[in-house]
Amino acid sequence: MYNASDLRKGLKIMIDGDPYIINEFEFNKPGKGQAHYRCKMRNLTTGNSAERTYRSGDKFEPAPLEERTMQFLYSQGSEFHFMDTKDFEQIVLDAGHLGDNAHFLVDNMEVEVLFFKGQPMDVTLPIFVNLTVTQADPWAKGDTSGTDTKPVTVETGYILQVPPFVSEGDRIQIDTRTGTYVTRVK
Amino acid sequence: MGKSSLLWRRAAVIQAVRRFFQEHAYLEVDTPVRLPCLIPEAYIEPEEASGWYLQTSPEICMKRLLSAGIPRLFQICKCFRRHERGARHLPEFTMLEWYRSEADYTDLMTECEALFAFLAEAQDQREVVVGEGRVGLAAPWERLTVAEAFSRFAPIPLAEAMAQGLFDEIFIQHVEPRLGWERPCLLHDYPAAMGALARLRADNLEVAERFELYVGGLELANGFSELTDADEQRARLLADQATIRTQGREPGPMPERFLTDLANLPRSAGIALGLDRLVMLFTGAQSIDRVVAFTPDSL
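The structure presented is a predicted model; accordingly, all values stated were derived computationally and were not measured.

Peer 1: Outline the overall build of chain A, supporting the account with residue identities and numerical values.
Peer 2: Looking only at helices and strands, chain A features one helix and 16 strands. Counting only C-alpha atoms, chain A reaches 55 × 55 × 25 Å along its principal axes. Taken over 186 residues, chain A has a buried fraction of 22%.

Peer 1: Hey, could you go over the nonpolar core for me, with residue numbers and the actual values?
Peer 2: Formed by 79 residues in total, the largest nonpolar core has its most connected members in Leu187, Tyr214, Leu220, Leu273 and Leu278 of chain B. Tallying contributions element by element places helix H3 (residues 105-123) of chain B first for this core, with seven residues. Residues within four places of Leu187 of chain B in sequence aside, it is in contact with Leu144, Val146, Ala149, Leu179, Phe211, Glu212 and Tyr214 of chain B. Judged by nonpolar contacts, the second largest core, of 30 residues, contains Tyr20, Leu125, Val166 and Ile174 of chain A.

Peer 1: Now, about the interface of chain A and chain B: what can you tell me, with residues and values included?
Peer 2: Between chain A and chain B, the residue contacts involve 13 residues of the former and 15 residues of the latter. In terms of residue class, the side of chain A that touches chain B is made up of three nonpolar, seven polar and three charged.

Peer 1: Can you explain the pairing of strand E6 (residues 59-62) of chain A? Please cite residues and give values.
Peer 2: Residue and element names in this part refer to chain A. Bridge count between strand E1 (residues 2-3) and E6: two bridges; the pairing is antiparallel. Considered in E6, the bridge of Asn3 is made with Lys59. With two bridges connecting them, strand E2 (residues 12-15) and E6 associate as antiparallel partners. Bridge assignment links Met14 to a residue of E6, and that residue is Glu61.

Peer 1: Describe in detail the sheet that holds strand E9 (residues 90-94) of chain A, supporting the description with residues and values.
Peer 2: Residues and elements named next belong to chain A. Judged by pairing direction, the sheet is antiparallel, and its five strands sit side by side in the order E9-E8-E7-E10-E11 without closing on themselves. The open sheet is flanked by E9 and strand E11 (119-124), the only strands paired with a single partner. The average angle at which neighbouring strand axes cross in this sheet is 45°, direction not considered. Strand direction decides the pairing type here: strand E7 (residues 66-76) and strand E8 (residues 79-84), joined by six bridges, are antiparallel.

Peer 1: I'd like to hear about helix H2 (residues 59-67) of chain B, residue by residue, with values.
Peer 2: An α-helix turns once every 3.6 residues. As a result, residues three or four positions apart point the same way. Residues and elements named next belong to chain B. For H2, the set of buried residues is Glu59, Ile60, Cys61, Met62, Lys63 and Leu66. Against the buried residues of H2 lie strand E2 (34-35), strand E5 (72-80), strand E6 (92-101), helix H8 (256-261) and strand E14 (268-274). In the stretch just after H2, Gly69 is the one whose phi turns positive, near 110°.

Peer 1: Residue-level account of the packing of helix H1 (residues 3-23) of chain B against H3 of chain B, with values.
Peer 2: All names here are of chain B. Two numbers describe how H1 lies on H3: the axes approach to 10 Å, and their chain directions differ by 130°. With respect to each other, H1 and H3 are oriented oblique. Considering the relative orientation of H1 and H3, their crossing is right-handed. Contacts between H1 and H3 involve Ala12, Val13, Ala16 and Phe20 from the first element and Leu115, Phe118, Leu119, Ala122 and Gln123 from the second.

Peer 1: How would you sum up the pairing of strand E8 (residues 133-136) of chain B? Please name residues and give values.
Peer 2: All names here are of chain B. For strand E7 (residues 127-130) and E8, the ladder comprises four bridges, and the chain directions are antiparallel. Its bridge partner lying in E8, Glu127 is registered against Gly136. In this antiparallel pair of consecutive strands, E7 and E8, the connection spans two residues, and Gly131 shows a positive phi of 55°.

Peer 1: Before we move on, could you go through the domain arrangement of chain A and cite the residues and values that matter?
Peer 2: What the domain assignment lists for chain A is domain 1 (2-62), domain 2 (66-124) and domain 3 (128-185). Taking the mean C-alpha position of each, domain 1 of chain A and domain 3 of chain A sit 32 Å from one another.

Peer 1: Report on the packing of H1 of chain B against helix H9 (residues 275-283) of chain B, specifying residues and quantitative values.
Peer 2: Residue and element names in this part refer to chain B. For the pair H1 and H9, interaxial distance at closest approach is 10 Å and the crossing angle is 115°. Handedness of the crossing formed by H1 with H9: right-handed. In this structure, H1 contributes Leu6, Arg9, Arg10, Val13 and Ile14 to the contact, and H9 contributes Leu275, Leu278, Val279, Phe282 and Thr283. Considering only residue class, the contact of H1 with H9 consists of seven nonpolar, one polar and two charged.

Peer 1: Before we move on, can you summarise unusual backbone geometry with the specific residues and values?
Peer 2: Note: most peptide bonds trans; most residues except glycine with negative phi. Cis geometry marks the peptide bond from Ala139 of chain B to Pro140 of chain B; its omega dihedral reads 0°. Checked against the element boundaries, Pro140 of chain B lands in the loop between E8 and strand E9 (142-145). In this model, Phe88 of chain A sits at a positive phi of 60°, which is unusual for a non-glycine residue. Note that Phe88 of chain A resides in the loop between E8 and E9. Phi at Ala196 of chain B takes a positive value of approximately 55°, unusual for a residue other than glycine.

Conventions and cut-offs
- Residues numbered from 1 in each chain as written.
- Chains lettered and ligands numbered in written order.
- Predicted model: local features only at pLDDT ≥ 70, side-chain atom pairs only at ≥ 80, totals over all residues.
- Helix = DSSP H or I, 4+ residues; strand = E, 2+ residues; numbered from the N terminus.
- Buried ≥ 20, exposed ≤ 12 C-beta atoms within 10 Å, placed from the backbone.
- Core = buried A, V, L, I, M, F, W, Y, C linked by C-beta atoms within 7 Å.
- Contact = placed C-beta atoms within 7 Å.
- Nonpolar A, V, L, I, M, F, W, Y, C, P; charged D, E, K, R; others polar.
- Pairing = 2+ DSSP bridges.
- Axes fitted to C-alpha atoms, helices over the stretch in contact; angles between N-to-C directions.
- Parallel < 35°, antiparallel > 145°, perpendicular 65-115°, else oblique.
- Left-handed = near helix turned anticlockwise from the far one by under 90°.
- Domains from an automatic or database assignment.

Dropping the structure here:
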């Protein structure tokens, strides 16, 4: 059982019989009043979004999801194919179920696939993934115009802000919880 | 603005706050942050510390000093409130609190205007940036009763919101985000049930002499005409303890020495102002994380 104060981005809870994942989370509380937790959530079964506000004292059942370690094979259009490395069973998840996670999947990556009542619903990614920069504007040395980041595109097509010294072909580490740059890796 | 510039600005705001209170004959005090008992508050959860508690505000010690005969005092200190974490909340934050004898809440409202005028002068900044908006700080500010704010912004009147137990919900969703955009807003005269440690209005027992300051939808301060009736205060604290129990929490011991000293509390008013939020305002920072040296997540 979770309390309202346990609510956070990424938490998976049951609401009206469906498993939901919290995508965005906002805490608000008048100084002397009750805490309120506004959550934007995704229904893992339908992929639909919902917004609800909870207050302190509200309680939640954790979503009874089963995890299986699987390998990401490839994507085709909006379909993402995964394989269980033990029994070689393959499953398909569509982009709607994966949400932002699709930005960080590279071929052969191992992820935890979440199942609800036997159906694949979503994946849990490693916290950090390393991706190759496929497009970056060169850094004009001596540019002191004040901007301390620039946008680059990585191999999955995802665009993020990085320090100016990152160039095309570099491998960079990304925090999958926030989608932000962590460091350049060798 | 980088972290280092923000910390310089933070220090400048704090130094200007100190100058203001020194110039107005306030004694600066620093009272213990770890206490054997706190004022029980229905919706504030204290952090325990070896059987005692970390203060959720410095009010017990400051009011005891006021009762002991110090007529004007202020403090800048750390306060701790469990589970409060968001873009405007930290579980450990910095509070500016001040008390003044022979004054009521309207005097404190005027003093807030004077403090901001002083800070604006010291920072050379007549307006502040909040999100997309700019708010001029010049007095006089808007003074709005809670009932007026509800009739202006809320889908149902105040009395109905109170009867349905929806005050906080409606306030957060409809009222708070719209307060203090043209100029700072002093929201005053809270329903008696939300009086906390405020005295009721002699001419209208339905409302408490309590106010809050909002700028660009940001809650900055909460002030009262202090309740000096110990029996009335004890009754309210018992009610708060009962609410705490309904949440499955165990309230701490009753602050008996505070209640005893209340007999000597002069006619007075007190106010608590979130200093981190004040720095947010003067730097245009959108998140409280930006204006502190470290957040819990970065330790």
